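# Understanding the architecture of this molecule
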Amino acid sequence: MALAMMDTHSRYGLVSRALHWGMALLFVWQFSSAAARVFFEDTALESFLWGTHGQLGVVLLVLVVLRAVWALANASRRPPSVSVMAKLGHLALYGLMIAVPTIALIRQYGSGRALDVLGINLMPGFEGEEIAWMTDLGGLLHGELGWALLALTVGHVVMAFLHRKLTNHDVLKRMV
């Protein structure tokens with residue numbers, strides 16, 4: 001059976017599934033790098049994983065924007081949400097997937113440090129004093145909202161399995 005590119009009322013299409021599972025793998029890497037930074041500071045593991053954290057955050061931001069545009073383009077065809085709570089949970093996930101890297105980019109700019117992603121210079125950096133409100137915003141919110149995103153992501157996975165086991169809504173089948 002050929003895989004449909006577009007979403008249908010009963011199943012997500014190839015593009016939606018590729019974005020979902022591809023981003024899931026990238027988020028596992030991203031959360032692993034943050035955990036290594038906290039729990040394995042000054043180790044080879046932390047050095048290896050953390051070196052990719054900023055660049056991967058930018059890649060994930062681009063992918064979530066593409067994913068949101070794709071979701072809007074397929075809105076009338078997508079499988080229906082199983083509840084208001086599921087819809088709110090997905091909106092919170094999208095909101096945090098956009099807010100966390102955006103806040104990091106604001107902090108990065110305010111620090112005056114350059115930012116290269118995949119060999120492309122996104123921010124040249126600048127000489128002089130940091131922009132305090134930008135670095136303070138990132139210091140205050142980036143990590144905390146990142147951990148909140150991890151908690152919501154774990155909740156998302158748990159709810160997919162609970163729906164499969166406890167209700168007649170096997171939502172996992174729509175994304176696999």
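Residues numbered from 1 in each chain as written. Predicted model: local features only at pLDDT ≥ 70, side-chain atom pairs only at ≥ 80, totals over all residues. Heavy atoms only, no water.

### Comments concerning helix H1 (residues 14-39)
Spelled out, the test is: Helix and strand definitions here come from DSSP, where helices need a minimum of 4 consecutive H or I residues and strands a minimum of 2 consecutive E residues; each element is numbered from the N-terminal end. A helix is expected to span 1.5 Å multiplied by its residue count minus one. Relative accessibility thresholds used throughout: buried, under 20% of the residue-type maximum; exposed, over 50%; partly exposed, between the two (1.4 Å probe, protein chains only). The contact criterion used throughout is that any non-hydrogen atoms of two residues lie within 4.5 Å.
Taking 1.5 Å as the rise per residue, H1 with 26 residues should run 38 Å; its terminal C-alpha atoms sit 37 Å apart, in good agreement. For H1, the full list of buried residues reads Ser16, Arg17, Leu19, His20, Met23, Phe27, Gln30, Phe31, Ser33, Ala34 and Ala36. Buried-residue contacts for H1 involve helix H2 (44-50), helix H3 (53-73), helix H4 (84-111), helix H5 (132-166) and helix H6 (171-175).

### Things to note about the packing of H4 against H5
For the record, the criterion: Throughout, an axis means a line fitted to C-alpha atoms (over the contacting stretch in the case of helices), and angles, computed between N-to-C directions, take values from 0 to 180 degrees. Convention used here: angles under 35 degrees read as roughly parallel, angles over 145 as roughly antiparallel, angles from 65 to 115 as roughly perpendicular, and any remaining angle as oblique. Handedness of each helix crossing follows the sense of rotation of the near helix against the far helix: counterclockwise by less than a right angle gives left-handed, clockwise gives right-handed. Residues are sorted three ways: Asp, Glu, Lys and Arg are charged, Ala, Val, Leu, Ile, Met, Phe, Trp, Tyr, Cys and Pro are nonpolar, and all the rest, Gly among them, are polar.
Relative to each other, H4 and H5 sit at 155 degrees, their axes nearing to 8 Å. Accordingly, the angle class assigned to the pair H4 and H5 is roughly antiparallel. Crossing handedness for the pair H4 and H5: left-handed. Class assignment for the residues of the contact of H4 with H5 results in 17 nonpolar, 10 polar and 1 charged.

### Quick look at the layout of surface pockets
Let me state the cut-off plainly: A cavity, in this analysis, means grid points on a 1 Å lattice covering only the protein atoms where a 1.4 Å probe fits yet has no way out; a pocket is instead an open set bounded by protein on both sides within 12 Å along at least five of seven lines, and a residue lines either one if it has an atom within 4 Å of a point. Grid points are joined across faces, edges and corners, and a volume is the space filled by probe spheres set on the points.
Empty space within the largest pocket amounts to approximately 1500 Å³. As for the largest pocket, its lining consists of 47 residues, and the residues nearest its centre are His20, Arg67, His90, Leu93 and His156. Within the residue set of the lining of the largest pocket, elements represented by two or more residues are H1, H3, H4, H5 and H6. Ranked by residues supplied to the lining of the largest pocket, first place goes to H5 with 12 residues. There is about 900 Å³ of room inside the second largest pocket. In terms of lining residues, the second largest pocket is bounded by 34 residues, among which Trp50, His53, Ala104, Arg107 and His142 are the most central. If you list the elements that add at least two residues to the lining of the second largest pocket, you get H1, H3, H4, strand S1 (115-117) and H5.

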